[in-house]
Amino acid sequence: MRDRLGGLWSDEDFADWYPRDGRPGLSPAQLATVCVLQFLLGLSDRQAAEAVRCRIDFKYAMAMELDDSGFHHSVLADFRDRLAEDDRADRLLDLALARLKEAGLVRERTTQRTDSTHVLAAVRDLTRLELITEAVRAALEEVAGTAPHLLDELVDEDWGRRYGRPVRLGKNPTKPKTRILTTGNDAVLLLEHLYQHGAGHASSPRIQALRQIMVQNYHRDAAGHLSWRTAEKEGGPGLPPSSRAVVSPYDTSARYARHGHIISWKGFSAHLTETCAPDGPNVITDVATTAATTHDSKVLPGIHTRLARRGLLPAEHLVDAGYTSLPHLEQATREHQVTVSGPLRGNPTRQHRQAEGFARDNFDIDYDRQQVTCPQGQVSQGWHGPYPTSSPTAAPLIVARFTKGQCRPCSARSQCTATADSARTVGFPPRELRDLQLRVRAEQQTPEWKTRYAVRSGVEGTVNEFAHGYGMRRCRYRGQGKAHIQHVLTAIAVNIERLSGLPPNEEALAPRRPTAFQDYLDQRALPRPKSWRTLGT
C-alpha cells in the first residue's frame with residue numbers, strides 16, 4: 001500500500017473534518033489507515049492499537065517512527081464517530097479509489113457488476129412482548145444513568161423484578177395478556193412522568209424509542225383503554241409496515257425483512273459494486289448500506305451518481321432481476337450513458353403466465369392515434385394515463401379499455417378476459433419505455449448477451465468473500481451509519497488485499513554493490529561465490 005501507492009491518504013484530505021484552532025490531534029491519515037488494516041486483519045480496537053505499538057509492518061504502512069508509542073484504543077472509536085457525520089465514509093472511499101485510479105489500477109467505462117446481501121444488526125431477535133419490555137428497561141437504564149432522582153417516585157419493588165435484568169420471555173411466555181397490559185401501563189406511566197418532571201430528558205434516544213415502540217404496538221380503544229395492536233385481517237387496528245416498524249430500542253434504524261420463505265433477518269442490506277474487466281484486477285468501486293426493506297431497484301440511481309462523482313462510471317452494468325426496472329434503465333442511459341444489463345420482469349398478465357389466450361403482446365398499440373387493436377380487429381374506446389404505479393420496479397401505465405359491446409359478442413372472449421363485466425383492459429408503458437422494453441427483451445435472447453451476462457455470477461463470490469472472509473454478515477456497531485462505515489472500510493481492505501497480489505510494476509532492483517574485498521578478488525580475476533547458496537558445494 002505504501003510502496004505502490006505512497007499511502008491512500010494525506011492529512012490535508014481531512015482538513016475540513018477538524019477545527020482550525022485548539023490542540024493538534026493525531027494524524028487522521030494514520031487513523032484511517034489503522035481502521036482499514038483493522039478490518040483487513042479482523043482486529044478489535046485494542047488489538048489494532050497494540051499492533052501500532054508493536055508491529056513493524058503497521059509502522060511502515062503508516063510512515064511512523066520505530067519508537068512511536070502509538071495511541072490509546074479509544075481514539076479509533078472517536079475517529080469512527082467523525083466518519084459517521086454527513087457522507088464522510090463515502091468520501092474516504094472516494095479518496096482511496098482516486099489513488100487507485102492515478103496508479104492505473106482502475107479506470108472508467110469498463111464492465112462492472114452489482115449484487116446485494118443481508119446484514120444482521122447488532123441486536124437481539126425479540127418478540128413483540130420482549131421488545132416493549134426491553135424498551136422500558138432501556139429507558140430506565142438511560143434515565144438512571146443521567147437523572148436517577150426522576151425515578152424515586154416511580155420505581156418500586158415490582159418494577160425491579162420486571163426490569164431489573166435483560167428480558168427473555170420466549171415465544172410462549174406465561175400469562176401473556178397480563179404481561180402485555182402491565183408493561184404497556186408501566187411504559188405510559190414512565191413517559192407521562194418524564195414529560196411532567198423531566199422534560200429535558202424526554203427527548204433522549206431511549207425515551208423516544210420507547211414512545212415510538214408504544215405507538216406501533218398499542219392503541220386506545222373506544223373506551224380509552226390501552227389495548228394491544230393486532231393485524232387488520234384479525235379485526236384489529238393494524239400494525240405498521242415492516243419498513244417503519246422498530247425492532248430494537250438499541251438500534252431504531254434496523255428493520256425486519258424476508259426474502260421468500262427461507263431468508264428473514266433484522267438489520268440492513270449491503271450492495272457491492274466491483275469491476276470485472278478481463279484485463280485488470282477486480283476493484284470494489286461502490287458500497288451502499290440501506291434498510292433491509294429497501295428494494296434493490298431504488299439503490300441503482302444512487303450507485304451511478306456516486307460512480308459519476310468518482311469518474312468510474314461503467315460502460316455496461318451487470319445486475320440481477322432485483323435491480324432492473326424500465327424507468328431506471330432509461331434513466332441510466334439518458335443521464336450517465338450506462339447500459340444496465342439484467343433480466344427484465346416478465347409480463348404479469350394471466351394469459352402470459354399460463355401461455356393461454358391473448359396476452360398484452362398480442363395487441364397492436366398505436367401511440368399516435370392513442371388506440372389499441374385486439375387480435376380480433378376491435379379498436380379500444382378509451383385511452384387513459386399514464387398513471388403512476390405503487391411498485392418500485394414498474395413503469396407508469398397507460399390503460400386502454402374495450403367496451404362490453406365489443407367483448408361480449410366476441411367468439412374468443414374466453415381467451416381474452418375473465419372479468420365479471422366481460423370487458424378487456426390493456427396496460428402498457430409510454431412509448432419510449434415500451435420501445436426500450438421490446439429492444440432489451442429481444443437482445444437478451446441472443447447468445448452474445450448471454451455470454452456477457454454470465455460474468456455477473458462472479459459477484460456472488462465477492463459477496464461470499466465479504467460475508468465469510470471479513471465478517472460483513474454481522475454488524476460490529478449499532479446504527480445504519482456505523483454499519484456503512486464497517487462496509488466501506490471492509491471494501492477498502494478487500495481492495496488492498498486483492499491488489500497486494502499483483503506483480504510489482506517497477507523495474508528489478510539493482511544488484512548490491514560489491515565490498516572492498518570482493519573488488520580486490522574481481523580485479524585479480526580470482527573466483528568468488530556469487531551467492532551464499534553455493535557455499536559448501
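Because the structure is a prediction, the values reported are computed rather than measured.

## Some remarks on the nonpolar core
Logical step 1: Ranked by internal contacts, the top residues of the largest apolar core, which has 81 residues, are Trp 9, Phe 71, Leu 92, Leu 100 and Ile 492.
Logical step 2: Looking at which domains feed residues into this core, each of domain 1 (1-85) and domain 2 (87-123 + 254-342 + 456-506) supplies at least three.
Logical step 3: For Trp 9, the contacting residues outside a window of four places in its chain are Phe 14, Ala 29, Ala 32, Thr 33, Val 36, Leu 92, Leu 95, Ala 96, Arg 99 and Ile 492.
Logical step 4: In terms of nonpolar packing, the next biggest core, distinct from the first, is built from 28 residues, Leu 194, Met 214, Tyr 218 and Val 246 among them.

## A word on helix H3 (residues 45-54)
Logical step 1: By the burial criterion, the buried members of H3 are Asp 45, Ala 48, Ala 49, Ala 51 and Val 52. Each buried residue of H3 sits inside an arc of 155 degrees when the element is viewed along its axis, so together they form one side. Exposed and facing more than 90 degrees away from the buried side of H3 are Arg 46 and Cys 54.

## Topic: a nonpolar patch on the surface
Logical step 1: Residues Phe 517, Tyr 520 and Leu 526 make up a contiguous nonpolar surface patch of about 320 Å² in total accessible area.
Logical step 2: Following the sequence through the fold, Tyr 520 ends up in helix H19 (residues 516-523).
Logical step 3: According to the relative accessible area criterion, Tyr 520 is partly exposed, its value standing at 39%.

## Notes on helix H15 (residues 431-443)
Since the α-helix turns once every 3.6 residues, residues separated by three or four places project in the same direction.
Logical step 1: With 13 residues, H15 extends 18 Å between its outermost C-alpha atoms, agreeing within 8% with the 18 Å of an ideal straight helix rising 1.5 Å per residue.
Logical step 2: Among all positions in H15, only Leu 433, Arg 434, Leu 436, Gln 437, Val 440 and Arg 441 are buried. The buried residues of H15 occupy an angular sector of 160 degrees when the element is viewed end-on, so they sit on one face. Turned more than 90 degrees from where H15 packs its buried face, Glu 432 and Arg 439 sit exposed.
Logical step 3: Looking at the buried side of H15, the elements it contacts are helix H12 (326-336) and strand S9 (364-366).

## Some thoughts on the pairing of strand S12 (residues 397-401)
Two faces belong to every sheet, and in a regular strand the side chains alternate between them.
Logical step 1: Bridge count for strand S11 (residues 382-387) against S12 is 4 bridges, and the pairing is antiparallel. Counted as the bridge partner of Trp 383 is Ala 400 from S12.
Logical step 2: Both S12 and strand S13 (residues 425-428) contribute to a ladder of 4 bridges, which runs antiparallel. Pairing of Val 399 across the sheet is with Gly 427, part of S13.

## Regarding the packing of helix H6 (residues 88-102) against helix H11 (residues 300-310)
Logical step 1: Running from amino to carboxyl end, H6 crosses H11 at an angle of 50 degrees, the nearest separation of the two axes being 10 Å. Taken together, the axis directions place H6 and H11 in an arrangement best described as oblique. Considering only the axes of H6 and H11, their crossing is right-handed. Counted together, Asp 90, Leu 93, Asp 94, Leu 97 and Lys 101 of H6 and Arg 306, Arg 309 and Arg 310 of H11 form the full contact between these two elements.

## Considering the domain arrangement of the protein chain
Logical step 1: Domains assigned within the protein chain are domain 1 (1-85), domain 2 (87-123 + 254-342 + 456-506), domain 3 (128-228) and domain 4 (350-432).
Logical step 2: The C-alpha-based centres of domain 1 and domain 4 are spaced at 63 Å.

## Overview of the sheet that holds S13
Logical step 1: Spatially, S11-S12-S13 is the arrangement adopted by the 3 strands of the open sheet, whose pairing is antiparallel. Each having just a single partner strand, S11 and S13 make up the two edges of the open sheet. Sheet twist, expressed as the average angle between the axes of neighbouring strands with direction ignored, equals 20 degrees.

Thresholds applied
Each residue is numbered by its place in its chain's sequence as written, counting from 1. The model is predicted, so local features are restricted to residues of pLDDT at least 70 and side-chain atom pairs to those at 80 or more, both for listing and for counting; the totals for chains, interfaces and linings are taken over all residues. Hydrogens and water molecules were not included; the side-chain quantities draw on all heavy atoms of the structure. What makes a nonpolar core is a set of buried Ala, Val, Leu, Ile, Met, Phe, Trp, Tyr and Cys residues whose side-chain atoms join them at distances within 4.5 Å. With a 1.4 Å probe rolled over the protein chains alone, any residue whose accessible area is under 20% of its type maximum counts as buried; one over 50% counts as exposed, and the rest are partly exposed. The source of the domain bounds is an automatic or database domain assignment. The contact rule is simple, with two residues in contact once any of their heavy atoms fall within 4.5 Å. The numbering of helices and of strands both runs from the N terminus, where a helix is a DSSP run of H or I of at least 4 residues and a strand a run of E of at least 2. Working note: the arc is built from the helix axis to C-beta atom directions. Patch members must show over 30% relative accessible area and no salt bridge, and they are joined within 9 Å when carrying like charges or within 5 Å when they are nonpolar side chains of Val, Leu, Ile, Met, Phe, Trp or Tyr. Each accessible area is a Shrake-Rupley estimate made with a 1.4 Å probe; only the visible protein chains count as cover when residues are assessed. The salt bridge criterion pairs a side-chain nitrogen of Lys or Arg with a carboxyl oxygen of Asp or Glu, the two atoms within 4 Å. Helix span is expected to be 1.5 Å times the residue number reduced by one. By definition, two strands form a pair when at least two bridges between them are found by DSSP. Axes here refer to lines fitted to C-alpha atoms; in helices the fit is confined to the stretch in contact. Angles between the N-to-C directions go from 0 to 180 degrees. Just so you know how the angles are binned, under 35 degrees is roughly parallel, over 145 roughly antiparallel, 65 to 115 roughly perpendicular, and the rest oblique. Working rule for handedness: look at the near helix, and if it is turned counterclockwise from the far one by less than a right angle, call the crossing left-handed; if clockwise, right-handed.

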